[in-house]
Amino acid sequence: MLPDRCSIIHDHQRCPNPPHYVVSVKSGDDEYMVGVACTMHEAAVSKKVADLQGQNRIPKGAIKFVELHQVGTDCIRADPDDRIQMDPFD
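Residues numbered from 1 in each chain as written. Predicted model: local features only at pLDDT ≥ 70, side-chain atom pairs only at ≥ 80, totals over all residues. Heavy atoms only, no water.

### A few points about the nonpolar core
One finds Cys-6, Ile-8, Cys-15, Val-23, Val-25, Ala-37, Cys-38, Val-45, Val-49, Leu-52 and Ile-58 forming the largest nonpolar core, which totals 11 residues. Per-element accounting of this core gives the leading share, three residues, to helix 1 (residues 42-54). With sequence-adjacent residues up to four places away left out, Cys-6 is seen in contact with Arg-14, Cys-15, Asn-17, Pro-18, Pro-19, Val-36, Ala-37, Cys-38 and His-41. (Core = buried A, V, L, I, M, F, W, Y, C linked by side-chain atoms within 4.5 Å. Buried < 20%, exposed > 50% of the residue type's maximum accessible area, 1.4 Å probe, protein only. Helix = DSSP H or I, 4+ residues; strand = E, 2+ residues; numbered from the N terminus. Contact = heavy atoms within 4.5 Å.)

### Quick notes on the layout of surface pockets
Its volume calculated, the largest pocket comes out at about 180 Å³. Ser-7, Ile-8, Ile-9, Val-23, Val-34, Gly-35, Val-45, Lys-48, Val-49, Leu-52 and Ile-58 are the residues that line the largest pocket. Elements with a contribution of two residues or more to the lining of the largest pocket: strand 4 (30-37) and helix 1. Top element by residues in the lining of the largest pocket is helix 1. It accounts for four residues. (1 Å grid on protein atoms, 1.4 Å probe; cavity = no way out; pocket = protein on both sides within 12 Å on 5 of 7 lines; lining within 4 Å. Points joined across faces, edges and corners; volume = space filled by probe spheres on them.)

### Some details on the confidence of the model for the protein chain
Within the protein chain, residue pLDDT values average 84, and 77% of them lie at 70 or more. Per-element mean pLDDT across the protein chain ranges from 86 in strand 1 (residues 9-10) up to 95 in strand 5 (residues 62-67). (pLDDT = per-residue confidence, 0-100.)

### What to know about the environment of Pro-18
Note that Pro-18 resides in the loop between strand 2 (13-14) and strand 3 (21-27). A residue is classified by how much of its surface remains accessible, and Pro-18, at 56% relative accessible area, is exposed. Measuring from C-alpha to C-alpha, the distance between Pro-18 and Asp-4 comes to 5.7 Å, with 14 residues separating the pair along the chain. When residues no more than four places from it in sequence are discounted, the contact partners of Pro-18 are Asp-4, Arg-5, Cys-6 and Cys-38.

### Overview of the pattern of salt bridges
This structure, assessed with the given rule, holds three salt bridges. Between Arg-5 and Asp-4 there is a salt bridge whose closest N-O contact spans 3.9 Å. Under the relative-accessibility criterion, Arg-5 is labelled partly exposed at 33%. Here Asp-51 and Lys-47 are joined by a salt bridge, their closest N and O atoms 3.1 Å apart. Linking Asp-51 with Lys-47, this pair stays in helix 1, spanning four residues, or about one helical turn. (Salt bridge = Lys/Arg side-chain N within 4 Å of Asp/Glu carboxyl O.)

### Here we look at the environment of Glu-42
Secondary-structure assignment places Glu-42 in helix 1. Discounting residues that sit within four places of it in the chain, Glu-42 has contacts with Tyr-21 and Phe-65.

### As for the sheet that holds strand 4
Here three strands make up an open sheet; going across it, the order is 4-3-5 and the pairing antiparallel. Where the open sheet ends on each side, the last strands, each with one partner, are strand 4 and strand 5. Going from strand to strand, the sheet's axes swing by 30 degrees on average, the running direction of each strand aside. Bridging between strand 3 and strand 4 involves seven bridges; their strand directions are antiparallel. The residue bridging Ser-27 from the neighbouring strand is Asp-30, located in strand 4. The strands touched by helix 1 within the sheet are strand 3, strand 4 and strand 5, with strand 5 carrying the most contacts at an inclination of about 150 degrees. (Pairing = 2+ DSSP bridges. Axes fitted to C-alpha atoms, helices over the stretch in contact; angles between N-to-C directions.)

And the structure:
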């Protein structure tokens with residue numbers, strides 16, 4: 001699941017725009033998703049990630065913006081009686 005809005009928060013309000021990019025940091029063989037960004041805030045998100053890397057709060061590495069693509073599927077309906085509750089400690 002991805003957030004339905006851009007990750008930028010300005011004046012205590014989250015950007016209402018839908019995400020256009022998944023933002024990640026490629027560090028060595030690993031890659032870490034750090035947020036999502038709309039087209040309007042691509043530069044602001046890049047600057048924020050770079051600032052957090054400078055503070056060692058996010059791994060250092062290349063910042064990547066990968067464009068999201070919409071995918072449509074047929075609606076799948078499930079009967080609530082078909083759901084199975086699983087105990088994570090079994």
